[in-house]
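Coordinate inspection notes
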Amino acid sequence: MSMPTQGSGLDSGYTAAGAPHTADEVRGSSIGELMRQVTTDLSTLMRQEVELAKAEIRQEGKKAGKAAGLFGGAGFGGYMVALFVSIAIWQFLDNVMDSGLAALIVAVIWAVVAAVLYSMAKKNAERIRGLKQTNDSVQRIPDALKPHPEGVNR
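Quick caveat, the model's predicted, so the values are computed rather than measured.

Overview of the overall build of the chain
A count of helical and extended segments in the chain gives four helices and zero strands. For the chain, the sequential pattern of α-helices and β-strands runs α-α-α-α. For the chain, the accessible area works out to roughly 11300 Å², and carbon and sulfur atoms hold 65% of it.

Right, dumping it as structure tokens:
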């Protein structure tokens, strides 16, 4: 068994095709060069994971924003229902016929608008799924990279 020598190792980290080095190339590398390659690879992996998370957050944020806007519209529609029902009741008490009936019709229209907006908001909110791609990707990181505190001896 021979000790690896410095200077014959992994200057670029990977071959031109992007494939890992052969076993002979690794055997000829120093521990420092191998650790530098692992550190570089981990750094690249973590940067890619952060970029994936950012992209997913932007995508899911747009869906959440749309759902919030629709819920806001449904809330405004509900407010209008309360306003026009109040006006309708007032008109019925004040002037038993035409004016109150017109206000009630407007209130029913607003109730339909509010129901449609609420339904659309609920469907959009159900499509928000979180960071699935990032979560799946992080779970594929090898167990060797995850901390195991129970196995640490000091």
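Details of a nonpolar patch on the surface
Taken together, the side chains of Val 85, Ile 89, Phe 92, Leu 101, Leu 104, Ile 105, Val 108, Ile 109, Val 112, Val 113, Val 116 and Met 120 present a nonpolar region at the surface, about 970 Å² in accessible area. Those elements giving two or more residues to the nonpolar patch turn out to be helix H2 (31–94) and helix H3 (98–126). At nine residues, the largest contribution of residues to the nonpolar patch is made by H3. Relative accessible area serves as the criterion here: at 34%, Leu 104 is assigned to the partly exposed category.

Some thoughts on the environment of Gly 78
Assignment of secondary structure puts Gly 78 in helix H2. What makes Gly 78 partly exposed here is its relative accessible area of 32%. Gly 78 sits 34 residues away from Val 112 along the chain, and the two C-alpha atoms are 9.7 Å apart.

Overview of the pattern of salt bridges
For the structure on display, the rule yields two salt bridges. Between Lys 54 and Glu 51 there is a salt bridge, with the nearest N and O atoms lying 3.6 Å from each other. Placement of both Lys 54 and Glu 51 in helix H2 is noted, with a separation of three residues, approximately one turn of the helix. Among the residues examined, Lys 54 registers a relative accessible area of 41% and is labelled partly exposed. For Glu 51, a relative accessible area of 44% gives the class partly exposed. Among the salt bridges present, the one from Glu 60 reaches Lys 63, with a minimum N-O distance of 3.4 Å. You can see Glu 60 and its partner Lys 63 sitting in helix H2, three residues apart, about one turn around the helix. A relative accessible area of 6% places Glu 60 in the buried class.

Structural notes on the side chain of Glu 56
Locating Glu 56 in the fold gives a position in helix H2. Here Glu 56 is in contact with Arg 129, Gly 130, Leu 131, Lys 132, Gln 133 and Thr 134, once residues within four sequence places are set aside.

Description of the confidence of the model for the chain
Taken over all residues, the pLDDT of the chain has a mean of 75, while the share at 70 or more is 74%. Looking across the chain, the model is least confident in helix H4 (residues 132–139), with a mean pLDDT of 73, and most confident in H2, with 85. Long-range and interchain partners of residues 1–17, a stretch whose pLDDT sits below 50, account for 29 contacts in this model, where long-range means more than four residues apart.

Cut-offs used in this document
- Just so you know, the residues in each chain are numbered from 1, in the order the chain's sequence is written.
- For a predicted model such as this one, the threshold for reporting local features is a pLDDT of at least 70, and the threshold for listing and counting side-chain atom pairs is 80 or more; totals across whole chains, interfaces and linings nevertheless cover every residue.
- The basis for every side-chain value is the complete set of heavy atoms in the structure, and neither hydrogens nor water enter the calculation.
- In this text, helices come from DSSP runs of H or I with a minimum length of four residues, and strands from runs of E with a minimum of two, each type numbered from the N-terminal end.
- Computed with a 1.4 Å probe, the accessible areas rest on the Shrake-Rupley method; for each residue, only the protein chains presented here act as cover.
- To count toward a patch, a residue needs a relative accessible area over 30% and no salt bridge; like charges are then connected within 9 Å, while nonpolar side chains (Val, Leu, Ile, Met, Phe, Trp, Tyr) are connected within 5 Å.
- Here, a salt bridge means any Lys or Arg side-chain nitrogen found within 4 Å of an Asp or Glu carboxyl oxygen.
- Partly exposed describes any residue whose relative accessible area lies between the buried limit of under 20% and the exposed limit of over 50%, with all areas from a 1.4 Å probe on protein chains only and scaled to the type maximum.
- The contact criterion used is simple: two residues touch if any of their non-hydrogen atoms lie within 4.5 Å.
- Predictor confidence is given residue by residue as pLDDT, running from a minimum of 0 to a maximum of 100.

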